[in-house]
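Spelled out from the first residue to the last, the chains are:
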Amino acid sequence: MIPMEMFNKLIETLKANPKRIVFTEGTDARILEASARLLTGSWLKPVLVGNVDEVKKAAAEHGFNIDGAEIVDPETYEGMEAMVEKMVELRKGKMTADECRAALKKGNYFGTMLVKMGVADCLLGGATYSTADTVRPALQLIKTKPGNKIVSSCFILVRETSTGGADVLAMGDCAINIKPSDDELVEIALETAKCAKIFGIDPKVAFLSYSTKGSGKGEDVDKMRSACEKAKAAAPDLAMDGEMQFDAAVSPTVGQLKFPGSKVAGYANTFIFPDINAGNIGYKIAQRLGGFDAYGPILLGLNAPINDLSRGCNADEVYSMAIITAALS
Ligand SMILES: CC(C)(COP(=O)(O)OP(=O)(O)OC[C@H]1O[C@@H](n2cnc3c(N)ncnc32)[C@H](O)[C@@H]1OP(=O)(O)O)[C@@H](O)C(=O)NCCC(=O)NCCS
Ligand SMILES: CC(=O)OP(=O)(O)O
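The shown structure was predicted, so the numbers you read here are calculated from the model rather than taken from an experiment.

Student: Sorry if this is basic, but what is going on with helix α7 (residues 131-141) here?
Tutor: Counting along an α-helix, one turn takes 3.6 residues, and residues three or four places apart therefore face a common direction. Restricting attention to buried positions, one finds in α7 the residues Thr-134, Val-135, Pro-137, Ala-138, Gln-140 and Leu-141. Buried-residue contacts for α7 involve α4 (80-91), α6 (107-116), β4 (122-125), β10 (293-300) and β11 (306-308). Lys-143 occupies a position one or two residues after α7 and carries a positive phi of about 70°.

Here it is in structure tokens:
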């Protein structure tokens, strides 16, 4: 669990400024359970995408009370023609009106346009849609924030310690950019560090590799070293080092042996992976074998608060990610 104190702060933010969140998979049991929990408060209103009867039937079957949730069905949505028109404009000749109308029948495109058109404040999807299908509408219609070149992502990993505290780590990019360049890794590192700070981490950023300080050779080693150098030049106040192996990043003894003098080696809490293979496998190992709860992928650099879930998520993660998504908007 995210430390209660941190979580309560996010909820207080929402109490001061209530929001509406779109769930693109309105009939999913985990979405309905999280929605029922949210509806016990009045600071984050679920907007469930789906056929009204089917959503209500699914909620009743699972025993979740979703009274007070809004249910919107793309098939009967009154504002559909205005939405099609806006989407055609946004796609700038890349999709016809018929293609937009067909896409908008699906929860992922429809939900994204509800946010774009200001009907809702934020969106959470991906309980059944793959990451690619959740994120593609946002990349096409929402685009990057001014100043960002790419959308990337990070996970926040939380594990309770034996003394009742919490180990909180950040990992990027485990979900979006398949083979980032060194320049893209700089953006991923700086955005991941920024997100880490929001979750109370004082970031010590390790650029991960199979090599520490030139112990191994290869283009991916060069890429991580170059990314680290460029990131240090772009943000000299941020503690960053690399390239380094994972043991050098987290074990003070190995860190001193392999990377003497580094302030990051041995104490890293923010991990930048060379590509999505390493990142996606890495975060799932921490989650499934390391006892960490994983919150994310939190999208970074996107011009609206839209987030993805892992299809392996549970209702508690949906609830937490909904609050994170809305509070950071
Ligand atoms: C994110 C992803 C779906 C984009 O792939 P895609 O849809 O084939 O991308 P395309 O190259 O066709 O680009 C689609 C649009 O998104 C934009 N885009 C693609 N990647 C982007 C990025 N990282 N940041 C910002 N914009 C991006 C493109 O510019 C393009 O915009 P346009 O249509 O207005 O020109 C793809 O990179 C992917 O599959 N990533 C891995 C997802 C995954 O499987 N994760 C593992 C589980 S979490
Ligand atoms: C983030 C992620 O790995 O998503 P999924 O498990 O849905 O592929």
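Student: When you look at the side chain of Asp-275 in this model, what are you seeing that I'm missing?
Tutor: As for its placement among the helices and strands, Asp-275 is situated in the loop between β9 (270-272) and α12 (276-288). Among buried charged residues, Asp-275 stands out as having no salt bridge; its nearest opposite-charge side chain is Lys-179, 5.3 Å away. One polar contact links the side chain of Asp-275 to the main-chain amide nitrogen of Asn-277, over a distance of 3.1 Å. Within polar-contact distance, the side chain of Asp-275 engages the backbone nitrogen of Ala-278 at 3.0 Å.

Student: Teacher, can you tell me more about the sheet that holds strand β1 (residues 19-23) here?
Tutor: By definition, the strands of a sheet pair up through backbone hydrogen bonds, in either a parallel or an antiparallel sense. Sheet architecture is open: 5 strands sit in the order β3-β2-β1-β4-β11, paired in parallel fashion. A single partner strand is all that each edge strand has here, and the edge strands are β3 (70-72) and β11. Strand after strand, the sheet turns through a mean of 25° between neighbouring axes, direction not considered. Summarising the sheet, strand β2 (residues 44-49) and β3 pair through 3 bridges and their orientation is parallel.

Student: What is the right way to read the sheet that holds β10 from this model?
Tutor: Taken in spatial order, the 6 strands make up an open sheet running β8-β7-β9-β6-β5-β10, and their pairing is mixed. The sheet is open, and its two borders are formed by β8 (239-244) and β10, each paired with just one other strand. Taken over all neighbouring pairs, the strand axes of this sheet differ in orientation by 20° on average, direction set aside. Taken together, the 3 bridges between strand β7 (residues 204-208) and β9 define a ladder with parallel strand orientation. Bridging across to β9, Ala-206 finds its partner in Phe-271. Set on the sheet, helix α8 (residues 182-198) makes contact with β5 (152-160), β6 (166-172), β7, β8, β9 and β10; between it and β9 the angle comes to about 160°.

Student: Looking at this structure, how should I read the packing of aromatic side chains?
Tutor: Aromatic ring pairs: the centre-centre distance and the angle between the two ring planes describe each pair. Scanning the entire structure with this criterion turns up 4 aromatic pairs. Summarising the aromatic geometry, the rings of Phe-246 and Phe-271 are spaced 5.2 Å apart at their centres and angled 40° between planes, so their arrangement reads as tilted. Here the residue Phe-246 occupies a position in helix α10 (residues 246-250), and Phe-271 occupies one in strand β9, the gap between them amounting to 25 residues. Here Phe-246 falls in the partly exposed class, since its relative accessible area comes to 42%. On the basis of relative accessibility, which here comes to 1%, the residue Phe-271 falls in the buried class. The positively charged end of Arg-37 is found above the aromatic ring belonging to Tyr-319, 3.7 Å away from the centroid.

Student: Before we go on, may I ask you to explain a nonpolar patch on the surface in this structure?
Tutor: On the surface, Ile-281, Ile-285 and Leu-289 cluster together to form a nonpolar patch covering roughly 340 Å² of accessible area. Accessibility expressed as a relative area gives 76% for Leu-289, which makes it exposed.

Student: It is not clear to me how unusual backbone geometry should be interpreted in this structure. Could you clarify?
Tutor: Only a minority of non-glycine residues have a phi that is not negative, and only a minority of peptide bonds are not trans. With omega at 5°, the peptide bond leading from Gly-242 into Glu-243 counts as cis. The residue Glu-243 is located in strand β8 in this model. At Lys-92, a position not held by glycine, the phi torsion is positive, near 45°. With respect to the helices and strands, Lys-92 occurs in the loop between α4 and α5 (97-103). Taking relative accessible area as the criterion, Lys-92 reaches 71% and is therefore assigned exposed.

Student: Can you walk me through the packing of helix α2 (residues 29-38) against helix α13 (residues 315-327) in this structure?
Tutor: Each pair of packed helices gets described by two things: the angle between the helix axes and the distance between those axes. Between α2 and α13, the shortest axis-to-axis distance is 8 Å and the interhelical angle comes to 55°. It follows that α2 is oblique to α13 by the angle criterion. The two elements α2 and α13 meet at a crossing, and its hand is right-handed. Residues Arg-30, Ile-31, Glu-33, Ala-34, Arg-37 and Leu-38 of α2 form the contact with α13, whose participating residues are Ala-315, Asp-316, Val-318, Tyr-319, Ala-322 and Ile-323. When grouped by side-chain class, the residues that make up the contact of α2 with α13 number 8 nonpolar, no polar and 4 charged.

Student: Hey, could you run me through the site of ligand 2 in this one?
Tutor: Near ligand 2 you find Thr-131, Phe-155, Asn-280, Tyr-283, Lys-284, Pro-297, Ser-310 and Arg-311, and these make up its full shell. Within the side chain of Thr-131, a nitrogen or oxygen atom sits 3.5 Å from an oxygen atom of ligand 2. When ligand 2 is considered free in solution it has 260 Å² of accessible area, and contact with the protein chains removes 88% of it. When residues of the shell around ligand 2 are assigned to their parent elements, the largest contribution, 3 residues, is made by α12.

Rules used throughout
- Within every chain, residues take consecutive numbers counted from 1 along the sequence as written.
- In the order they appear in the text, chains get letters beginning with A and ligands get numbers beginning with 1.
- The predicted origin of the model limits local features to residues at a pLDDT of at least 70 and limits the giving and counting of side-chain atom pairs to 80 or more, whereas totals for whole chains, interfaces and linings rest on all residues.
- With hydrogens and water set aside, each side-chain value is computed from the structure's full complement of heavy atoms.
- Between buried and exposed lies partly exposed: a residue is buried under 20% and exposed over 50% of the maximum accessible area for its type, with that area taken using a 1.4 Å probe on protein chains only.
- We count a stretch as a helix when DSSP gives it H or I for four or more residues in a row; a strand needs E for two or more, and each element gets its number in order from the N terminus.
- Residue contacts are defined here by distance: any two heavy atoms, one from each residue, within 4.5 Å place the two residues in contact.
- Positive: Lys, Arg. Negative: Asp, Glu. His and the chain ends are not part of the count.
- By salt bridge we mean one thing: a side-chain nitrogen of Lys or Arg within 4 Å of a carboxyl oxygen of Asp or Glu.
- Counting of polar contacts relies on pairs of N or O atoms within 3.5 Å, with two restrictions inside protein: one atom must be capable of donating a hydrogen and the other of accepting it, and residues adjacent in sequence are counted only when both atoms are side-chain atoms.
- Paired strands, as defined in this entry, are two strands with at least two bridges between them according to DSSP.
- Helix axes use the C-alpha atoms of the stretch in contact, all axes being lines fitted to C-alpha atoms, and the angles between their N-to-C directions lie in the range 0 to 180 degrees.
- Only the six-membered ring of Trp is used, alongside the rings of Phe and Tyr, when aromatic pairs are assigned; centres must lie within 6.5 Å, and planes under 30 degrees apart are stacked while those over 60 apart are edge-to-face, with the rest tilted.
- Two limits define a charge over a ring: the Lys NZ or Arg CZ must be within 6 Å of the ring centre, and within 35 degrees of the ring normal.
- The patches reported here contain residues having more than 30% relative accessible area and no salt bridge. Joining distances are 9 Å for like charges and 5 Å for nonpolar side chains (Val, Leu, Ile, Met, Phe, Trp, Tyr).
- Computed with the Shrake-Rupley method and a 1.4 Å probe, the accessible areas treat only the protein chains shown as cover for residues.
- Angles below 35 degrees are treated as roughly parallel, those above 145 as roughly antiparallel, those between 65 and 115 as roughly perpendicular, and all remaining angles as oblique.
- Note on convention: near helix rotated counterclockwise from far helix by under a right angle means a left-handed crossing. Clockwise means right-handed.
- For this scheme, ten residues count as nonpolar: Ala, Val, Leu, Ile, Met, Phe, Trp, Tyr, Cys and Pro. Four count as charged, namely Asp, Glu, Lys and Arg, and the remainder, Gly too, count as polar.
- The near set for a molecule or strand comprises every residue that places at least one heavy atom within 4 Å of it.

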